[in-house]
Amino acid sequence: MPLNPNTHAGPRKQIKRSWNRIDAQKCLVLLSHIAWIATFLIATTHPLDRPVDESMSLSFAACYGWVAAQSFLPIVAMCALGMLLSLGWPRLGFWVGATLVGLVPVLLVCDCITFHWIGERLLSPAMYHIVATMLPNLLPFLSVGTVLTGIFAIGLTTILAWCTCWLTFRIAKHWKADRDKAISPSVLLAITTGIAMLFAIPAIRRLPSTLAEMRPHSTRHPLCFLGMVKHLGVGVPLPTGSDAVQGRLHGLGLNEAVTKHLEQLGELRLANAKASSTDFNNHPDVLIIVVESLQLDILSQEVMPNLFDFAGRGLHLQNHFSGGNGTNLGFFSLITGKEATWFPRSEQVPVLMNKLFRQAGYKTALFSGIDDFPKFDMDTYINPNEYDIYQAEPCDWLASDQLAVDRTIEFFDRNDATDPEQPRLAVLHTYSTHSPFDNQPEDEHFLPASSQYYVTPYTQNGRTPVWNRYRNAVRSADRLISSVLSEDRVTVVVGDHGEALLEDGTIGHGTRLDSIQNQTPAILFAPGFEPNEVKLPTSHIDILPTVLSACGLTLNSPELLDGVDLLNAPHESLATRSFASCHFMGPELMLVGPWTNESAHPFAYRCAFSIKQWQAAALNPIDRLGLDLQASKLSTATDNLKMQERFGRWMEKRFGLNPMQDRRNQNELFRNYLNHSSSDIRLQAVEIASNVASPDRELIELVSLAATDHDAQVREAAQAAWVTLQRRAVHNDETPNDAKPASPKPPIADRYASPRKVEMRSKSSRSTEEIQANGRDVPRFIAHAGGAIDGHTYTNSLEALNHNYRQGFRTFELDIVETIDHHFVAAHDWASWKNLTNYSGSLPPTLAQFRQHKILDRYTPMDMDAINHWFAGHPKAILVTDKIDKPTSFANQFIDSRRLVMELFSIEAVEEATDAKIAVTVSEPLLNQVKTNKVNWLLDRNIDQVDLSRLSLDQHMPLIHSLNEAGVKVFVYHVNYTDGEDEAFVVCHDFDFVYGMYADQWGFGESQVHFECCPATNSVD
């Protein structure tokens, strides 16, 4: 049916007309050509990079032809998908294809903006991390102009999309593709594809050079946006998943050193604390000024005349690094004297500056022009409890900064002091130099300057007004803080971090490890000390030990601080040391050292490092702009060797060991950490193990042992990890390797007619009638988690129990966990319960909270009272528990312990249950833990039931044979985990050698059990 001739109807109305395949494909192909033109124009004309013909050595026509070919590649793929769908569903095919095709130019625009702004691709793990975890806290920092521009762009895109569809339908109306000799949509698409490929020939003929020229100007090339060509970036991606396993195991090697170091920090004291706290006259006042977003090179006579003059009278640190490229990291290093690698454990690190100066008798205060510290996890070390006076104002830019400065002056004037001789320490934080930057009218020295409504991101051509606005704001900040600069006290002036205004290709801070975002000015004035300039690399970690020294205070263990006393440190120690400056976005650091000042060496080494999630891996060397150094600039092999060596030396200096030198193999490391005394380390080891891509049987057994851990959180995580690794191992075993020719996967019946099955069946061959009888044998079936209800599993709900009792089940498994107030309830685990109930509080919940939340908004949760009430009303029902490992406590609360079987996970729990005469079924992880004869161990304790996973039956066949001979019943779980192998399959095949199963939705009626089993399973070959 051709398109309706009513061309005045909108796109949606025209679609609602009777459509056929040709109509859908005509519109989709036309829309694809429009999207191709749009994508090409966006890639070649956006103002965020140099013109494509200036960045490539190809001819003018070849350059633009190459971009045109790249632009068409994703569009033709999306169009082809829509056309395939349209063969059966014309309307669906068009809308799916049109949506995907239309997204290509839209996403390209968003990618250009994202990459120009923060240096990350739109479709990248880093961008996902930002959106998923940081976006709510970052949105308030968008300028009004940026927000308004974004709203306008969304509206414009919507209008353009509607107009494009309308134009497409209008053109398609005149395309008689269904007539003889008329060109079809498929042929037109093929012709256009061929033309696009012709455009690409000149670039493909010199492909290595083409790719090299694309990388520095990736926003011009859609293949870079798609990730098919790597852009010139920071280097090796931060390892995740299976790629991070070795680095995370290395990180775990630091756990004992970290624990010991934290204990030592708690014992850090002033060596002369007693005398210091009473002799006030010996100690000068201290003022630490932190200026927001201050570039290293901004300190000049022209921009900051007052501070520049003050720097000449003190210690000017000309190559200074913040603790990181975010405020939280910079502040942390400044007031603790520790590298920001410790920031993830800030709740455990003492606020050493406040602690030590209070020991010396100081009164402490913090005055800030902003109060958003909790948003960025800074409230563990910046909060009212850490200061005698704490006044952080809601952000009002220069007005709130002025208030903070006035309060600082008042604090040091001591007009209302009860003890005017008591020395004072204050931290002053000014905020008006944060984007969109604020300045006084009299400080508009640099022109032209943009207004506060400037749009981010801006182009290189639009940078100058923003740069001038930033310099004017810094000039206002200089004027503001000049009133508190005094030679009567120890004064420190630093930035919390740097600020990028396209110098490194990005805008703002916290997005890249480099000299622009991680370096900042630093000045330290101390009465009685000679002015000096320090050109060697210094860090925020040096400020605390230097200020302590300037005040005449010494520590009992000065080596516990990561920084050094810059007033007294030998030149050699400064020239040879290394330190870390960290990344706001994730567990990354750049290692700074003697090489940083040498032009022939890398500026820094980029490393993945965390003492929270445990990771230690050297990644790649970077230049001053944070970009990966190209192999042509230095010997990659030699430099990588130096990087590993220097990273190892840094860890040895900080933690006393280099975990990368641990020569134990992977499984030996897992064995060590899975048996660690700390439950946190065991939990981390389980999480790391779950990411192993190709687990061997030794690792799976180690994780299965962890599934019997006495800590419930470790135990549940290990059980889930064990299932994951089992399935991964099965998949890897079934996947042909490179050494063997690929062969199709055999049918399920053939795969199960294996020698293992034949051997077992030769001892227990069943007729069809026997199989049918097994399917009606009620004791062989346990309703898993109460059984399925309305297709939902793991509900552990009242409705599931009632439904499956009516189906014929008489044995019911419930997962039992404890609430925060120590009540037993039925839930698989708290994380999944939270997802099923949309609960938003902390976990575990209270009993009252558990009762208030229905499962999937309709099913009734079961606490102990509900469980007892139901089993009292169903006297033939038997309860099997899972998860809980407290047999006596639970049995004492259950209504009838004679109808109770408890699956247990530790030998201690089994012994406890045996003594209390509680029936036990032994889990597979616990059975693996028994090192003596397993059958005898079970019989000695009168245990007649065990539970094994179907995913690991192959490795347990000899044991299953022995258990059958001894009369121990084997039940299998993970029944519906493999495609095509459902509960009926288990009855047909696995009941030859196991007794029963944990089932979700078995029915015991005639229709359920009159199934046909494969001939291969009914006879023995």
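Every value quoted in this text rests on a predicted model; they were computed, and no experiment measured them.

## Overview of the pairing of strand β22 (residues 919-923)
Burial analysis of β22 places four of its five residues in the buried class, which makes it a mostly covered element. Both strand β21 (residues 900-904) and β22 contribute to a ladder of four bridges, which runs parallel. Bridging from a neighbouring strand, Glu 903 pairs with Thr 921 of β22. Traced from β21 through helix α35 (residues 907-915) to β22, the parallel crossover comes out right-handed. Both β22 and strand β23 (residues 945-949) contribute to a ladder of two bridges, which runs parallel. Bridge assignment links Val 922 to a residue of β23, and that residue is Val 946.

## Some thoughts on the UniProt feature "transmembrane region" (unreviewed entry) in the chain
The positions UniProt marks with the feature "transmembrane region" (unreviewed entry) are residues 27-44, 64-85, 92-118, 138-167 and 187-204. Its end C-alpha atoms 26 Å apart, residues 27-44 is made of 100% helix and 0% strand. Annotated as residues 187-204, this span is 100% helix and 0% strand, and its ends, taken at the C-alpha atoms, are 25 Å apart.

## Overview of the packing of helix α2 (residues 21-45) against helix α7 (residues 144-173)
At a closest axis distance of 9 Å, the pairing of α2 and α7 adopts a crossing angle of 125°. Here α2 is positioned oblique relative to α7, judged by the angle of their axes. Here α2 runs over α7; the crossing is right-handed. Touching Lys 26, Cys 27, Leu 30, Leu 31 and Ile 34 of α2 are Thr 164, Leu 167, Thr 168, Phe 169, Ile 171 and Ala 172, all from α7. The residue inventory of the contact of α2 with α7, partitioned by class, reads eight nonpolar, two polar and one charged.

## Quick notes on the pattern of salt bridges
Oppositely charged side chains can form a pair if their charged atoms are brought close together. Counted according to the given criterion, the structure contains 35 salt bridges. One salt bridge connects Glu 701 with Lys 931, and the closest N-O pair in it is separated by 3.6 Å. Here Lys 931 lies in the loop between α36 (924-929) and α37 (934-940) and Glu 701 lies in helix α25 (residues 697-706), a separation of 230 residues in the sequence. Classification of Glu 701 by relative accessible area gives partly exposed; the value is 36%. Taken together, the salt bridges that share partners define one network made up of Lys 338, Glu 339, Asp 562 and Arg 654.

Reading guide: rules and limits
- Residues numbered from 1 in each chain as written.
- Predicted model: local features only at pLDDT ≥ 70, side-chain atom pairs only at ≥ 80, totals over all residues.
- Heavy atoms only, no water.
- Buried < 20%, exposed > 50% of the residue type's maximum accessible area, 1.4 Å probe, protein only.
- Helix = DSSP H or I, 4+ residues; strand = E, 2+ residues; numbered from the N terminus.
- Pairing = 2+ DSSP bridges.
- Right-handed = clockwise from strand over helix to strand, strands pointing away.
- UniProt positions renumbered as here; feature names shortened; annotations may be inferred.
- Axes fitted to C-alpha atoms, helices over the stretch in contact; angles between N-to-C directions.
- Parallel < 35°, antiparallel > 145°, perpendicular 65-115°, else oblique.
- Left-handed = near helix turned anticlockwise from the far one by under 90°.
- Contact = heavy atoms within 4.5 Å.
- Nonpolar A, V, L, I, M, F, W, Y, C, P; charged D, E, K, R; others polar.
- Salt bridge = Lys/Arg side-chain N within 4 Å of Asp/Glu carboxyl O.

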